[in-house]
Structure formats: structure tokens, C-alpha cells
Protein chains: 4
Amino acid sequence: MKTRQRIILSILLVNLFFAAFALGQSRREINFPDILGYKTLKCDLHMHTVFSDGLVWPSVRVDEAWREGLDVISITDHIEYQPHKKDIPTNHNRPYYVALSRAREKNILLIKGTEITRETPPGHFNAIFLRDVNSLDTEDLFDVMKAADKQNAFVFWNHPGWKPEHKGWFDTHTTLYENKWMHGIEVVNGGSYYPEAHEWCLEKNLTMMSNSDIHQPATLLETSPGNHRSMTLVFAREQTTEAVKEALVKGRTTVWFKDQLIGRKKFLNAIFKESVEIGRPYNKYRDSIWVEIKNSSDIDIDLERAGTLGPRQLTLAANATTILRTGIGAKPEDAPAQIELSYIARNFLIAPDKGLPVTLNIRLK
Amino acid sequence: MKTRQRIILSILLVNLFFAAFALGQSRREINFPDILGYKTLKCDLHMHTVFSDGLVWPSVRVDEAWREGLDVISITDHIEYQPHKKDIPTNHNRPYYVALSRAREKNILLIKGTEITRETPPGHFNAIFLRDVNSLDTEDLFDVMKAADKQNAFVFWNHPGWKPEHKGWFDTHTTLYENKWMHGIEVVNGGSYYPEAHEWCLEKNLTMMSNSDIHQPATLLETSPGNHRSMTLVFAREQTTEAVKEALVKGRTTVWFKDQLIGRKKFLNAIFKESVEIGRPYNKYRDSIWVEIKNSSDIDIDLERAGTLGPRQLTLAANATTILRTGIGAKPEDAPAQIELSYIARNFLIAPDKGLPVTLNIRLK
Amino acid sequence: MKTRQRIILSILLVNLFFAAFALGQSRREINFPDILGYKTLKCDLHMHTVFSDGLVWPSVRVDEAWREGLDVISITDHIEYQPHKKDIPTNHNRPYYVALSRAREKNILLIKGTEITRETPPGHFNAIFLRDVNSLDTEDLFDVMKAADKQNAFVFWNHPGWKPEHKGWFDTHTTLYENKWMHGIEVVNGGSYYPEAHEWCLEKNLTMMSNSDIHQPATLLETSPGNHRSMTLVFAREQTTEAVKEALVKGRTTVWFKDQLIGRKKFLNAIFKESVEIGRPYNKYRDSIWVEIKNSSDIDIDLERAGTLGPRQLTLAANATTILRTGIGAKPEDAPAQIELSYIARNFLIAPDKGLPVTLNIRLK
Amino acid sequence: MKTRQRIILSILLVNLFFAAFALGQSRREINFPDILGYKTLKCDLHMHTVFSDGLVWPSVRVDEAWREGLDVISITDHIEYQPHKKDIPTNHNRPYYVALSRAREKNILLIKGTEITRETPPGHFNAIFLRDVNSLDTEDLFDVMKAADKQNAFVFWNHPGWKPEHKGWFDTHTTLYENKWMHGIEVVNGGSYYPEAHEWCLEKNLTMMSNSDIHQPATLLETSPGNHRSMTLVFAREQTTEAVKEALVKGRTTVWFKDQLIGRKKFLNAIFKESVEIGRPYNKYRDSIWVEIKNSSDIDIDLERAGTLGPRQLTLAANATTILRTGIGAKPEDAPAQIELSYIARNFLIAPDKGLPVTLNIRLK
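Sequence order sets the numbering: in each chain, residues are counted from 1 along the sequence as written. Labels follow written order: the first chain is A, the first ligand is 1, and so on. Totals for whole chains, interfaces and linings use all residues, but because this is a predicted model, local features are given only for residues with pLDDT of at least 70 and pairs of side-chain atoms are given and counted only at 80 or more.

**Quick word on the overall build of chain A**
Starting at the N terminus, helices and strands are each numbered in turn, a helix being any DSSP run of H or I of at least four residues and a strand any DSSP run of E of at least two. Scanning chain A for helices and strands turns up 9 helices and 19 strands. Across its three principal axes, chain A shows a C-alpha extent of roughly 80 × 60 × 40 Å. Any residue with 12 or fewer other C-beta atoms within 10 Å of its own C-beta is exposed, any with 20 or more is buried, and the rest are partly exposed; the C-beta atoms used are placed from the backbone. Taken over 365 residues, chain A has a buried fraction of 52%. Contact criterion: two residues are in contact if their C-beta atoms, reconstructed from the backbone, are within 7 Å. In chain A, the share of contacts with a sequence separation of at least 24, taken over all contacts with a separation of at least 6, comes to 65%.

Written as C-alpha cells, this is what we have:
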């Protein structure tokens with residue numbers, strides 16, 4: 001009886017968590033540390049609205065982004081593909097202006113952009129940091145790229161593995177690359193990861209991008225624990241258009257895709273170091289010393305032993321504490337004061353199928 | 001097509017959040033700031049196992065506590081009520097020892113305790129920090145209390161409003177209080193809050209307690225966002241038996257009950273100040289300056305305007321950022337550099353039905 | 001070890017439930033029985049798109065409706081309020097045609113409608129079953145109503161308690177009612193229930209309506225267990241425009257609002273009878289006979305004892321089985337073969353604050 | 001404003017779904033059709049309590065089973081492995097009697113059983129339908145089996161692939177099989193499926209079993225949509241000990257494991273036929289006729305095209321309606337009145353890696 005009443009009352013409050021997000025009153029902050037003196041901005045630079053083939057009004061993209069913890073977005077409606085043209089006369093700059101006042105209220109940095117849409121190959125490209133989208137509405141792809149270049153746009157190749165029958169790096173891509181008209185590639189688009197694009201970015205020093213390419217309304221799934229939209233972490237001096245552009249040009253990004261981070265070694269390493277904190281040893285007078293390891297980031301870190309010490313597998317759950325039984329006792333008294341456990345963080349990808357080597361330094365005394 | 005495949009893949013990962021908790025591999029950390037130089041320990045000092053009328057083995061209480069982010073627990077099986085006695089011969093010290101090695105592995109501080117179980121009035125009492133529970137197994141209540149006192153136990157009155165027909169402060173309670181045999185009261189037990197107990201704690205300087213009194217196995221509900229078990233926040237020098245006892249004796253506690261914190265003004269005030277951070281103003285050149293307010297605690301803070309500035313109602317959602325439209329523009333140039341908004345935090349109870357007065361200082365320039 | 005692996009594997013499948021809905025591949029069927037020879041159609045006859053002040057493309061409303069288990073919808077964009085007019089030139093018939101092919105594919109009956117938008121009083125009205133919306137775009141309200149009447153529209157008054165300062169039944173409403181230009185009232189709009197509208201429907205024999213009035217994209221919350229959008233259950237001969245219209249004109253509706261059904265006694269009674277099934281008695285040779293009661297509808301039925309037998313409170317959870325301890329033993333042998341328990345179904349409202357009287361007939365032998 | 005208030009109110013009710021289950025007041029019914037004139041009983045015949053190495057009191061197993069929709073359980077504590085013996089003196093019949101009155105109240109059929117625990121090989125075996133467990137507490141395995149046989153027990157081999165280094169069919173198994181002392185095998189235990197055991201059951205006509213082997217308290221995960229514990233569907237005349245035994249002896253079972261049904265062709269075929277209902281064609285006057293397919297069971301049915309008609313992949317989501325675009329138009333008028341689509345139900349396993357062939361008969365006119 002007593003127990004029942006007790007439980008019933010406490011459960012009435014359970015789902016207020018989701019309520020606040022559904023109402024658009026709350027923002028879920030995404031937890032990744034700032035690194036190397038930069039702010040870690042959460043960016044989605046590829047999305048659609050009713051102004052091309054998307055299904056929502058531009059302000060909805062701002063509300064969704066805010067709710068999901070993003071800092072920077074770009075609405076990139078297709079120039080060439082406008083299925084709603086009959087009802088919405090074409091003006092490629094409109095989605096930006098329609099969304100702008102909402103973006104200002106929600107402190108979301110909105111970047112003017114567009115998607116240049118060609119057959120595969122060469123495929124689709126986003127140009128962002130534009131002043132005027134309409135001037136890119138010309139037939140020849142190289143003319144478009146020149147127009148983008150004239151506006152100092154940042155241009156990246158979208159979903160390069162989209163159509164399996166036509167995928168690959170073609171002459172057009174070489175031309176774009178050699179003219180410095182293409183600065184990055186989507187290593188991830190929505191739910192797809194392209195290992196070949198990952199390689200190209202490493203080989204050719206292109207910026208790694210990850211975006212949602214969302215067309216539908218976002219659901220609350222993306223706001224729920226353990227889930228998130230595909231996004232680019234951009235390491236920028238501050239949350240301004242100039243700083244984001246500088247960071248993108250310099251290639252200071254990391255891709256957050258499902259349960260993986262994909263990026264250059266120095267960035268992944270810095271994220272690991274800032275996220276993982278090892279506590280003081282406890283339960284010392286037993287056969288084995290134990291420690292608590294806190295992971296304050298939003299990603300479960302999946303470790304596989306690379307040395308001889310420590311458990312073979314170890315998952316440091318996101319925003320949680322994991323217990324590690326070192327297997328080493330405190331006696332004899334000349335036991336080491338510290339041990340180093342070598343691991344591979346399998347879901348911190350520094351190249352396709354290649355995890356980040358990390359070390360856990362554990363004080364025993 | 002593309003969108004579909006994308007979404008389907010990303011959803012496969014959704015519920016890994018709950019998976020880790022179900023497996024007992026992860027601990028949900030509870031977010032409340034350390035205050036006033038003390039660590040904020042999350043404590044549940046009232047729970048049962050198969051050794052009295054509970055339904056789980058003692059080690060389960062440790063696993064549940066760890067999973068839910070608790071730091072300190074006491075298993076307090078009834079001395080006088082042992083419905084499983086036919087199968088489990090009575091030894092009141094056993095639940096503690098059965099659970100101890102698991103507690104050591106999980107870094108949960110386990111305190112030896114028991115529930116002294118009398119008719120209402122005077123009702124039930126927990127004695128904790130005991131050396132030997134069996135010595136409390138005597139008939140006369142005052143003899144029990146003397147035995148507890150001899151062991152320097154900390155004793156509190158449980159669920160004082162449990163049986164509405166017999167509730168109230170009786171002579172026995174006065175005797176216990178005057179002999180300093182009773183040091184605290186459960187202001188909250190499971191899903192019930194007792195305003196009269198809240199008043200008694202304030203009037204008589206008794207320590208405010210909140211516990212689960214759990215008998216059933218815990219479900220994962222308590223580990224899910226927005227939900228938690230009733231617990232006592234204890235402000236202690238460190239996570240040791242001595243430090244927790246010192247804090248309880250000195251009354252350094254706050255009750256976390258559903259969406260409310262209940263406690264003395266100085267503690268609630270410190271929690272508010274350490275949890276709430278006001279960002280820099282933005283969107284300045286519009287009709288109204290805006291700010292972001294971050295609440296890094298696990299409690300939604302429910303504010304009601306007490307002054308003339310700011311919105312009438314404002315909820316600072318837990319672990320989230322809330323946007324505040326100040327309603328004040330940056331022009332004319334002689335606008336104030338800062339404003340102070342007066343609010344009542346309605347769910348930070350400094351007395352029954354009485355919220356904590358707080359001030360939001362907002363820089364405008 | 002064994003247990004861990006076991007659990008981890010089985011959890012990977014958990015959230016596929018939501019996945020299918022997020023993908024728009026699955027429809028959650030809503031469980032209410034067909035009654036009195038009619039099909040129970042789930043209808044939402046008030047919603048908005050980018051063609052007035054809504055935020056989604058019309059086809060999204062069809063997808064959401066299908067996912068949530070609706071059978072019939074009407075997109076009712078405002079005639080007079082078109083905040084996106086600058087980007088979407090006005091043609092009031094467009095949202096219907098834009099959504100139509102999707103509706104046909106998903107077997108959703110789409111009804112052409114609109115919202116007539118006037119100051120309060122008299123407020124807003126929906127006209128549905130129109131042939132041409134544009135012909136209602138005239139200044140005088142009575143002219144609009146005549147135009148609707150000419151098309152044999154069904155007209156209902158929306159959210160009559162929306163603006164508390166102007167609410168009430170005014171002369172205009174009397175004129176509409178007496179001219180038979182207004183045939184129903186929203187007893188529920190979104191999250192609001194209007195008891196006075198409930199009374200008016202009973203007194204004046206108007207059709208009770210309940211609609212979402214959704215402007216934002218729907219989230220998945222509405223598709224999750226225990227939640228649903230506000231809707232009208234329409235008891236119609238079949239899922240056709242003519243049959244739905246006939247049912248609305250005849251007043252054969254019931255309102256589903258949160259955890260309540262609101263409607264005329266005969267409909268609520270029929271739903272109760274078709275939803276609740278009492279099993280055979282079991283555990284007979286004990287002190288009390290028990291029975292299982294199955295509720296195959298989507299609504300928890302909240303019963304309060306009106307007679308002398310049975311528990312005081314009884315909740316028949318939705319799509320679940322509830323156990324009832326009758327409190328009556330099988331002995332002596334001349335015990336009754338059947339008992340009747342009288343209850344009030346408190347959340348089946350036959351008038352404001354007035355629950356439906358029901359009887360549970362329980363066979364004991 | 002209006003929208004916000006609306007949403008906030010409706011969300012307060014969301015999680016009452018879980019509330020009722022957490023309270024143990026509601027039972028989630030599992031949806032599988034009765035087939036071939038038998039009732040489809042949901043059975044878990046392998047679980048542990050504090051009386052061996054489990055962690056809950058026996059009555060908890062009944063409460064969990066009821067909440068999760070089971071009809072029949074057997075508590076099968078180890079005879080030989082009793083780690084809590086120091087606190088709970090051994091009497092192997094006790095867990096049954098401790099749980100019995102709760103089982104009677106909840107209408108759960110409780111079968112007296114035990115787990116016979118030997119090194120691998122030959123491994124562990126459950127004997128159920130016992131009168132006296134203590135008489136099986138002897139050293140020699142064959143003596144134990146004779147004692148079980150004397151009580152007419154039904155005996156099955158547990159988790160035959162548990163220890164990969166010792167797995168396989170050994171001489172002891174041949175002896176047990178030839179003496180008819182072993183009547184079934186766990187094709188599934190918890191989260192593990194054993195294809196070799198699946199083969200053995202088919203070859204040697206043994207009964208296919210699936211059980212949870214639960215030791216920990218059950219969480220609410222098993223009660224949530226899309227998740228379930230591993231269980232055996234038993235096709236029995238009625239929910240009585242005799243009828244369940246007769247069905248097990250005759251091999252009338254099917255295994256429900258994650259998103260798969262595993263069993264003999266005739267049972268899987270009957271479940272498919274009774275679960276899937278094809279609606280009338282609609283949208284007829286378009287280029288393609290469409291139909292709705294309802295799956296009223298709790299399992300998503302994963303179809304792969306085996307013929308030339310219909311989509312290549314088709315998932316009939318559990319308790320939901322799926323839309324099928326036939327790709328065949330209604331014209332010319334001599335179009336066929338019906339088509340048959342051949343599929344393989346890939347997750348209805350009639351042998352390891354071998355799905356059930358099924359046909360969808362679709363009326364076009």
C-alpha cells in the first residue's frame with residue numbers, strides 16, 4: 001500500500017523530460033569538451049525546407065537545431081531542384097531571411113548557403129558563407145563554382161557515395177580540387193559513412209564534414225539520450241561566421257556519427273584527454289585496487305586492450321562513471337605507484353577501420 | 001530512399017543508453033554542485049532486503065544504488081518484523097556483511113543500520129552507524145534507544161505521517177528529543193512529503209531526511225532522465241562514515257523529492273547559485289536583449305516573478321539552457337549596464353509552501 | 001558473464017519500435033471498438049500548414065495522421081490569416097490538392113476544409129466538406145456562412161474558450177445556430193477542454209468535436225504508448241466523405257481527450273461494453289474468488305465504486321489485464337452464482353464532471 | 001501561447017503507460033494468436049531466486065511474469081549450487097511453496113521444477129513437473145534422471161552452447177536420449193541462440209525450448225514495446241499443468257527469441273496465417289492498386305521476395321498496418337482479380353538460417 005502510493009506519485013513526473021523539449025522550451029546541451037584553445041561548435045551545414053524539396057518552414061530548422069543543442073546551421077536548399085515551385089516562386093535567398101530572426105533569438109549562428117545539384121558524377125555540392133545565392137543559378141558547373149569562389153564561399157562535396165553505381169573520384173573532382181574550388185567532403189551524410197571519402201580527406205587535406213541533409217521534420221528521437229543527428233564538430237575561436245569559416249578552411253573539424261568520432265588524430269586525442277578523468281584508487285586493501293573512470297562527453301568510448309594490463313574490453317559510457325578493477329593489489333609495499341594501460345579507442349577513427357591509441361594512467365597509491 | 005536508410009541506421013543505436021544501465025555497467029551521475037566547501041553526497045539511508053520484508057538480496061541494493069548515482073546507503077531491515085524468518089534465520093547484522101564486498105567494489109559507502117519498528121504512535125525509527133544491530137533487539141523502546149545511543153548511532157523518525165489516524169508529535173517523541181535520542185526526521189519517505197515534519201525540523205533543529213524505503217526491486221525508471229528516487233543530499237567533507245555522520249549530526253542536508261528541493265535556506269541558496277549561470281547578452285541590436293541561462297543541476301527550477309522585471313513565469317530546465325527575452329533594448333545608449341530580476345524559486349522549499357527568493361543579475365552590455 | 005552477454009544482445013532490439021514510426025513505415029492502430037453497427041473512425045478535422053500559419057508542407061499532415069492511426073483529416077488553413085503570403089501566393093484550395101495524392105496512397109480520407117477567422121467574439125469556425133474554399137473569402141461573416149451553407153458544409157465553432165476575456169455565447173452564435181449555419185462545437189481543442197461548450201452541445205443538440213489545431217510538426221510523442229493527439233471518434237457507416245458527413249450531421253461523435261472520453265451516454269456506454277471483458281473466476285478454493293478483467297481499448301478506465309461490493313477504486317489499464325479480488329469466497333455452497341458491481345467510470349464524461357454509471361457482472365461459478 | 005499550453009498539458013500523461021507496469025498493477029498482454037485449436041501459452045520454465053544463485057525472493061518472479069504477460073513459469077533453482085546456503089538453509093521445495101499463493105492470485109500457472117547442475121559436458125538440465133525436488137539431490141547423474149523419470153518429469157538440456165570449449169553432443173546425451181530421460185533442449189537461453197541445438201531438435205524430434213534463465217531482478221525493459229524476454233510459446237488445450245505437460249511432451253512449442261520465431265513449420269505457418277490480414281484494395285483508379293496489411297502479432301515479420309511480384313523487401317511491423325503498393329493497376333479491365341505474392345519470412349526459422357515460405361493473396365477487385 002504505502003509502497004504503491006509512493007511509486008505512483010513519483011512516476012507522474014517521469015516524462016517531463018521530454019515535455020520540455022517537445023514544447024521547444026529547452027535545449028539539450030551536447031557535451032564535448034572545448035579543445036586546444038578552441039570552442040567546440042556543433043554544426044549541421046546541410047538541410048532543406050519547403051523552399052526546395054524539404055517539408056518544413058525555415059524557422060522550424062532553427063527550432064529543431066536549438067532543441068538538439070546545435071550552435072551553427074546552414075539551410076542549403078537546392079538551386080536546381082524546386083518541386084514546390086508552383087506554390088513557392090523561386091528566390092534562393094529567401095529561406096535564409098525567413099529563418100534569420102528566429103536564429104537571432106535562439107542564438108543559433110545561421111550561415112547562408114545552398115546546394116548545387118548536378119547528376120552523379122560529379123554529384124551535389126554545398127556552397128556556404130554566400131552573400132547572394134541567386135548568382136549561382138547558372139548552367140555550367142564551373143561557372144557556378146567560380147561564382148561561389150568570387151563570394152569566398154566554402155564548398156564541399158555532398159554524400160559522395162550516394163549512388164553506388166556512379167561513385168568515385170572523377171576528373172571533375174580533380175578540376176574542382178586543383179582550382180581550390182572544393183574545400184571539404186561529407187565523410188558522413190545522415191546515416192551513411194563513406195570510408196573512401198574519409199581516405200580522400202586524409203590524402204588531399206580536405207576538411208571532413210558530417211551533416212544531416214534533413215528533409216523531413218525532425219522528431220524528438222534526436223533529442224533523446226543516446227541519439228543525435230549527424231553533425232560536424234568545428235573547433236573555432238568563437239561562435240561567429242568568420243571564426244567558423246576560418247576553422248573550416250583550416251580543416252579543424254571532427255565528425256560525430258552515431259557512436260563514432262571520425263577525425264584527425266590531434267583532435268580525437270584532445271577530445272579523449274579532456275573527456276576522460278581517472279579517479280583515486282579505492283578498495284585498496286583487497287586483492288585488487290579499483291578506480292572510477294568518468295567520461296564527461298556524450299560518446300560511449302569503446303576501448304580494446306593493446307597492451308598486457310587491464311581488461312580486454314572496456315566501455316566508458318557517456319556521461320557516466322565506469323569502474324575498473326585493475327587486477328593489481330596494493331601489496332607488496334614495493335608495488336608500482338602508477339601503471340599505464342594501453343588501449344585502442346575503436347570508435348575514435350583516425351582512418352577507416354583504425355582506432356585511436358590511448359593510454360590510461362592509473363595511480364595506485 | 002536515401003533518407004529512409006539513413007534514419008533506419010541511426011535509430012539502431014537509440015536505446016543503448018538504457019542498455020548500459022540495465023547491464024549494471026554504467027552509473028548515472030547525479031548533477032548537484034558541491035557547496036560551501038563540502039562534497040554533495042547522494043544518500044538513501046532507508047531500504048529493505050529479504051532479511052526483513054524486502055524482496056531482493058542485499059547486494060542488489062548496492063547495484064541499484066550505484067546505477068542510480070548514489071554515494072551512500074544504509075540497509076535498514078526491520079528488527080521486529082521478519083516475515084521470511086522461516087527460511088532465513090534471524091541475524092540482524094547479516095544484510096550488512098552480505099552487501100559489503102559489493103559496496104567496496106562499487107565505491108558505495110555502506111552504513112550499518114536497522115529499522116526499529118513500533119506501533120504508531122510512536123512509529124518507526126532508523127538507527128544508523130551501528131556496530132552491532134543485535135544488541136538493539138530488546139522489548140522496551142527506550143532500552144533500544146539507549147543501546148543505539150551507546151553505539152553513538154544517528155537516529156531518525158521514519159515516515160511520521162504514514163498512518164493518518166495516528167499521526168502527530170506524541171510524548172514519546174518529546175522524550176526521545178529531550179534525551180537527544182532522536183536526531184532527525186524523514187521529511188520525505190518514498191513518494192510522500194510530510195509538511196508537519198518539515199516544520200518540526202525547522203522548529204526543533206532536527207536534521208531533514210529523505211529516503212526511498214524501497215522494498216521491491218528498483219526498476220530502470222529511477223535511472224531514466226527526469227526521474228530519481230527520493231534521497232538526502234548530505235554536505236560532507238568527504239565520502240567516509242565519519243564525515244557523513246558529522247554532516248548528519250550538524251544538520252547539513254537537503255531533501256530531493258520529485259521536482260523539489262527542501263532544506264535550509266543557506267543550502268538551497270548555495271545550490272541555486274552554483275547551478276545557474278547567466279550568459280552574455282546577445283541579439284543586442286534588436287528591440288530586446290536576450291540571454292541564455294544554463295542550469296547545470298538535475299532539477300528544473302521553477303521561477304515566479306517577485307519584482308517588476310522579467311517574464312512572470314520562468315522554468316530553468318535541468319541540464320539545459322533556457323532563453324530569456326529581457327524585454328529591454330540596448331538603446332538609448334544610457335540604458336543600464338545591468339539589471340536585477342527578483343524571483344521566487346517555488347520548488348526550492350525553505351518552509352512548507354515557501355519558496356526561496358533569488359535574484360538573476362543580467363549584464364546588458 | 002553469461003547473463004551480461006545475454007542482456008546486452010536482447011537490448012539492441014529495444015527501440016526498433018520507435019524506429020518504424022520515425023521512418024513513417026508503420027502506423028500505430030488506435031484501439032476503440034466499432035459500436036452500434038458503425039465503424040469508429042479516428043478524425044482530426046482542424047490543422048494547419050505553411051499555406052496559412054502552420055509550419056509544414058501539407059503532405060506532412062497526411063504522414064503524421066497515418067503514423068498516429070487517424071482515418072480522416074481536414075486541413076483547415078485560415079482564409080484571413082496568411083503570414084507566409086509573401087512567399088506563398090494565396091489560393092485556399094491548394095493545401096487540399098497538394099496533400100491529396102499522399103492521402104490516397106495512405107488510405108487517409110482527406111476532407112476539403114478551411115478556418116474562418118474572426119475576432120473574438122464570435123471567434124473562429126471551421127467549414128468542412130467544401131467544394132471551393134475561395135468562395136468563402138468574403139468580408140461579412142454571415143455571407144461566409146451562407147457561402148458555406150450553399151456548399152452544404154458542416155460548420156463548427158473552434159476553441160470557444162480560447163480568449164478567456166471574450167468567451168461566452170453571443171448573439172452572433174444564436175444567429176448562426178438558428179439559421180442552422182453552425183452544427184457543432186469544439187468541446188476540445190488541442191490541450192484544452194471547454195466545459196461550457198460541453199454543456200452547450202448537450203443543451204442545443206450540437207455535435208461534439210475534438211481536434212488538434214496543430215501548427216508545428218508533430219513529434220513522435222503522439223505515437224508513443226499512453227499518448228495521443230486530441231481527436232474526434234466518429235461513428236460512421238464507412239470511411240467515405242458522405243458517411244462521415246452523415247455521422248457528423250447526426251451528432252454521432254465522441255471526444256478523446258487525454259485520459260478522457262467525452263460524449264453522449266449511449267456512445268460511451270457502448271464503448272465501455274465492447275472494450276471490457278470479464279474472465280472466468282479463478283483461485284476459487286481460497287478465501288476470495290478472483291477474476292481477470294481485460295480492457296482492449298486504448299483508454300485506462302478509471303472506476304469508482306457506486307455500490308457496496310468491490311474495491312473502492314479500480315483502474316482498468318488500456319490494452320492490459322487487471323486482476324480483481326472480489327472479496328467473496330466460493331463457500332458456502334449456496335453462495336451466489338453471479339454478482340453485480342456498480343461503478344462510475346469517472347473518465348467517461350456524459351456531462352461536465354459527471355461520469356458514466358457502469359456495472360461489472362462477475363460470474364462466481 | 002495557445003499551442004504551448006495545449007502541448008504541455010497533454011504531455012503530463014505520457015508516461016502513465018510505464019507507471020502502471022512499475023506499480024505491478026498492469027499486465028502487458030502478449031499478442032500471438034491461438035492456433036490449430038490450441039491456446040498459445042507464454043512460458044518461461046527456467047529462472048532463479050535467492051534459494052540458489054538468484055537475487056530475488058520467489059514471489060518477485062511471479063510478479064515479473066504477470067507484468068510481462070507470461071502464463072506459465074517454473075522456478076528452477078540449482079540443486080547443487082547454493083551460494084546463499086549460509087543464510088538460507090537448503091530445502092529445494094521451498095521456492096515453489098513460497099511463490100505459490102502469489103501465483104494463484106495472479107493466475108500464473110506455477111510448475112515445480114529444478115536445475116540439475118553438472119560440469120560441462122554434460123552440463124545443466126531442468127526437470128519440471130516434479131512432486132518432490134529433494135529426491136533428486138543425489139550424486140550420480142543417471143540416478144537423478146531416474147528419480148526425475150519416476151516422477152514423470154519433463155527434462156530438457158539447458159544452454160547447450162554455454163561453454164564453447166566443451167560444447168557438443170556427448171555420450172551422456174545419447175544415454176539420456178535413448179533412455180527417454182531427456183525430452184527437449186533449450187534452443188534459446190536468455191540472449192543466446194544455439195543453431196546446433198536447433199538441428200538436434202529437428203533430427204531427434206526433441207522439444208524446442210526457450211527460457212530466460214533470469215538471475216537478476218527483471219527491469220521494465222522487458223515490458224516495453226519492442227522488447228520481451230526469451231520465452232517458449234506452448235500450444236496447449238488449456239492453462240493447466242496437465243495440458244502444458246502434454247503439449248511439451250508432444251513437442252508443440254515455438255521459440256520466441258528477440259525478433260525471431262523458431263519452430264516447426266506447421267506452427268510457424270499457423271501463426272503467420274492467423275496474424276496477417278490483408279485488407280481490401282484501395283486507390284484503385286491510379287496507376288497502382290494499394291492494400292493495407294495488418295499484423296496483429298507482437299513480432300515484426302521480415303519478408304523477402306521469393307517470386308517476381310511485389311517489393312523485394314517488406315516488413316510487416318508488429319501490431320501495426322503496413323501499406324503495400326502492388327505496382328499493378330486496375331486497368332485494363334481484364335486485369336487479374338487476385339495476385340499471389342511469394343515471400344520468405346526470414347525471421348520465422350524452420351531450420352537454422354532457413355525462413356518460412358509464405359504467400360500473400362491479394363484481391364485486386
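**Concerning the domain arrangement of chain A**
All names here are of chain A. Note that the domain bounds were set by an automatic or database domain assignment. Examined at the domain level, chain A breaks down into domain 1 (18-263) and domain 2 (277-350 + 357-363). For domain 1 versus domain 2, the separation of C-alpha centres amounts to 37 Å. Of the residues lining the interface, 8 residues belong to domain 1; the matching set on domain 2 comes to 9 residues. Amino acids are sorted into nonpolar (Ala, Val, Leu, Ile, Met, Phe, Trp, Tyr, Cys and Pro), charged (Asp, Glu, Lys and Arg) and polar (every other residue, Gly among them). In terms of residue class, the side of domain 1 that touches domain 2 is made up of 5 nonpolar, 2 polar and 1 charged.

**Describing the sheet that holds strand β1 (residues 27-28) of chain B**
Only strands joined by at least two bridges in the DSSP assignment are considered to pair. In space, the 4 strands of this open sheet follow the order β13(A)-β14(A)-β17(A)-β1(B), with antiparallel pairing throughout. In this open sheet, the two edge strands, each paired with only one partner strand, are β13 (276-278) of chain A together with β1 of chain B. Two elements, strand β17 (residues 320-325) of chain A and β1(B), share 2 bridges in a ladder whose sense is antiparallel. When the sheet's bridge partners are listed, A:Ala320 is paired in β1(B) with B:Arg28.

**Some words on unusual backbone geometry**
For the peptide bond that leads from A:Thr120 to A:Pro121, omega is -20°, which places it in the cis range. By the element assignment, A:Pro121 lies in the loop between β4 (109-117) and β5 (124-128). A cis geometry characterises the amide bond from B:Pro121 onward to B:Pro122, with omega recorded as 5°. On the secondary structure map, B:Pro122 appears in the loop between β4 (109-117) and β5 (124-128). One non-glycine residue, A:Lys258, lies in the positive phi region at around 50°. Assignment of secondary structure puts A:Lys258 in the loop between β11 (253-257) and β12 (260-263). Even without a glycine there, the phi angle at B:Phe129 is positive, about 65°. Relative to the assigned elements, B:Phe129 resides in the loop between β5 and α5 (141-150). Take B:Phe129: there are 21 C-beta atoms within 10 Å of it, and that puts it in the buried class.

**A short note on the sheet that holds strand β13 (residues 276-278) of chain B**
The strand order across the open sheet built from 4 strands is β1(A)-β17(B)-β14(B)-β13(B), with neighbouring strands paired in antiparallel fashion. The open sheet is flanked by β1 (27-28) of chain A together with β13 of chain B, the only strands paired with a single partner. As judged from the 6 bridges shared by strand β14 (residues 290-295) of chain B and strand β17 (residues 320-325) of chain B, these two strands associate in the antiparallel manner. The partner of B:Lys294 across the bridge, within β17(B), is B:Thr321.

**A few points about the pairing of β14(B)**
Residues and elements named next belong to chain B. Residue alternation in β14 divides its side chains into a buried set, Val291, Ile293 and Asn295, and an unburied set, Trp290, Glu292 and Lys294. Note: β13 against β14, 3 bridges, orientation antiparallel. Note on β14: the bridge partner recorded for Glu277 is Lys294.

**Focus on helix α7 (residues 195-204) of chain B**
All names here are of chain B. Those residues of α7 not exposed but buried are Ala197, His198, Trp200 and Cys201. All buried residues of α7 fall inside an arc of 160° around its axis, so they share one side. Those residues of α7 that are buried lie in contact with β7 (184-189), β9 (207-211), β12 (260-263) and β18 (338-351). Trailing α7 by a residue or two, Asn205 shows a phi angle of about 55°, which is positive. Working definition: the arc comes from the directions between the helix axis and the C-beta atoms, pointing outward to the latter.

**A short note on the confidence of the model for chain A**
pLDDT measures how confident the predictor is about each residue, on a scale from 0 to 100. Here chain A averages 90 in pLDDT, and 91% of its residues register 70 or above. Two summary scores accompany this predicted model of the complex, namely pTM at 0.88 and ipTM at 0.91.

**Looking at the packing of helix α3 (residues 58-67) of chain B against helix α4 (residues 94-106) of chain B**
Helix packing for two helices is described by the angle between their axes and how far apart those axes are. Residues and elements named next belong to chain B. One can describe the packing of α3 onto α4 by two numbers: an axis separation of 7 Å at closest approach and a directional angle of 30°. The angle between α3 and α4 places the two elements in the roughly parallel class. The hand of the α3/α4 crossing is right-handed. Each of Pro58, Ser59, Arg61, Val62, Asp63 and Trp66 in α3 lies in contact with α4, whose residues at this interface are Pro95, Val98, Ala99, Arg102, Ala103 and Lys106. Considered class by class, the residues forming the contact of α3 with α4 number 7 nonpolar, 1 polar and 4 charged. Angular values range over 0 to 180 degrees, each being the angle between N-to-C directions of two axes fitted as lines to C-alpha atoms, with helices fitted over their stretch in contact. To sort the angles, those under 35 degrees are grouped as roughly parallel, those over 145 as roughly antiparallel, those from 65 to 115 as roughly perpendicular, and the leftovers as oblique. For any pair of crossing helices, the crossing counts as left-handed if the nearer helix is rotated counterclockwise from the farther one by less than a right angle, and right-handed if it is rotated clockwise.

**Here we look at helix α9 (residues 265-275) of chain C**
The complete set of buried residues in α9(C) reads C:Phe267, C:Leu268, C:Ile271, C:Phe272 and C:Ser275. Angularly, the buried residues of α9(C) cover 135° about the axis, an arc narrow enough to put them on a single face.

**Topic: the pairing of strand β19 (residues 354-363) of chain C**
All names here are of chain C. Strand direction decides the pairing type here: strand β18 (residues 338-351) and β19, joined by 10 bridges, are antiparallel. Residue pairing across strands places Glu340 opposite Asn361, the latter belonging to β19. The hairpin turn running from β18 into β19, its antiparallel successor, is 2 residues long, and Asp353 in that turn takes a positive phi close to 65°.

**Focus: the environment of C:Ala197**
All names here are of chain C. Assignment of secondary structure puts Ala197 in helix α7 (residues 195-204). A sequence separation of 12 residues divides Ala197 from Ile185, and the C-alpha atoms of the two residues are 6.7 Å apart. Not counting residues within four places of it along the chain, the set of residues in contact with Ala197 comprises Pro160, Gly161, Ile185, Glu186 and Val187.

**A word on the environment of B:Glu304**
Residues and elements named next belong to chain B. Structurally, Glu304 is set in strand β15 (residues 301-305). The spacing of Glu304 and Leu314 is 10 residues in sequence and 6.5 Å in space, taken between C-alpha atoms. The residues contacting Glu304, other than those within four sequence positions of it, are Gln313, Tyr343, Ile344 and Arg346.

**Notes on the environment of B:Glu277**
Residues and elements named next belong to chain B. Relative to the assigned elements, Glu277 resides in strand β13. Sequence spacing of Glu277 and Val249 is 28 residues, and the spatial spacing of their C-alpha atoms is 32 Å. Not counting the four nearest positions on each side in its chain, Glu277 is found in contact with Lys294 and Ser296.

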